[in-house]
Amino acid sequence: MAAVLRLPGGAGEASEIVEALLVAAGSRDTTAPKLAARWRQIANDIGYALDQLPVPKTPQEQN
């Protein structure tokens, strides 16, 4: 299943979500291992999608 994630802050916000999912998964390793594994998978999926985005072009300085 695919989803579109639109964030006002762009990829920077998405990377914060990935980090938050990984931290949350780490806190649930012993109490809810299946949930922790699911959160890690979601984080990995988002991270992989971010890696597939084209590199932003930077405007060249004008002299």
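As a starting point, this report considers the structure included with it. (Residues numbered from 1 in each chain as written. Predicted model: local features only at pLDDT ≥ 70, side-chain atom pairs only at ≥ 80, totals over all residues. Heavy atoms only, no water.)

**Here we look at the pattern of salt bridges**
The following threshold applies: The salt bridge definition used is simple: a Lys or Arg side-chain nitrogen within 4 Å of an Asp or Glu carboxyl oxygen. Only DSSP runs of H or I reaching four residues or more are called helices, and only runs of E reaching two or more are called strands; each is numbered from the N terminus. Whether a residue is buried, partly exposed or exposed follows from its accessible area with a 1.4 Å probe, protein chains only, as a fraction of its type maximum: under 20%, in between, or over 50%, in that order.
Enumeration according to the criterion identifies 1 salt bridge in this entry. Of the charged contacts in the structure, one is a salt bridge between Asp-29 and Arg-40, with a shortest N-O distance of 2.8 Å. Taken as a pair, Asp-29 in the loop between α1 (11–27) and α2 (33–52) and Arg-40 in helix α2 lie far apart in primary sequence, 11 residues in all. Given the relative accessible area of 36%, Asp-29 is considered partly exposed. Residue classification places Arg-40 among the partly exposed positions, given a relative accessible area of 28%.

**What to know about the layout of surface pockets**
To be explicit about the condition: Every definition here rests on a 1 Å grid over the protein atoms only: cavities are sets of points where a 1.4 Å probe fits but cannot get out, pockets are open sets enclosed by protein on both sides within 12 Å along at least five of seven lines, and lining residues have some atom within 4 Å of a point. Grid points are joined across faces, edges and corners, and a volume is the space filled by probe spheres set on the points. Amino acids are sorted into nonpolar (Ala, Val, Leu, Ile, Met, Phe, Trp, Tyr, Cys and Pro), charged (Asp, Glu, Lys and Arg) and polar (every other residue, Gly among them).
Taken as a whole, the largest pocket holds about 540 Å³ of empty space. Contributing to the lining of the largest pocket are 16 residues, with Ala-3, Leu-5, Asp-45, Ile-46 and Ala-49 lying nearest its centre. Contributing elements (two or more residues each) for the lining of the largest pocket: α1 and α2. Looking at the lining of the largest pocket, the element that brings in the most residues is α2, giving 6 residues. For the lining of the largest pocket, the residue count by class is 13 nonpolar, 1 polar and 2 charged.

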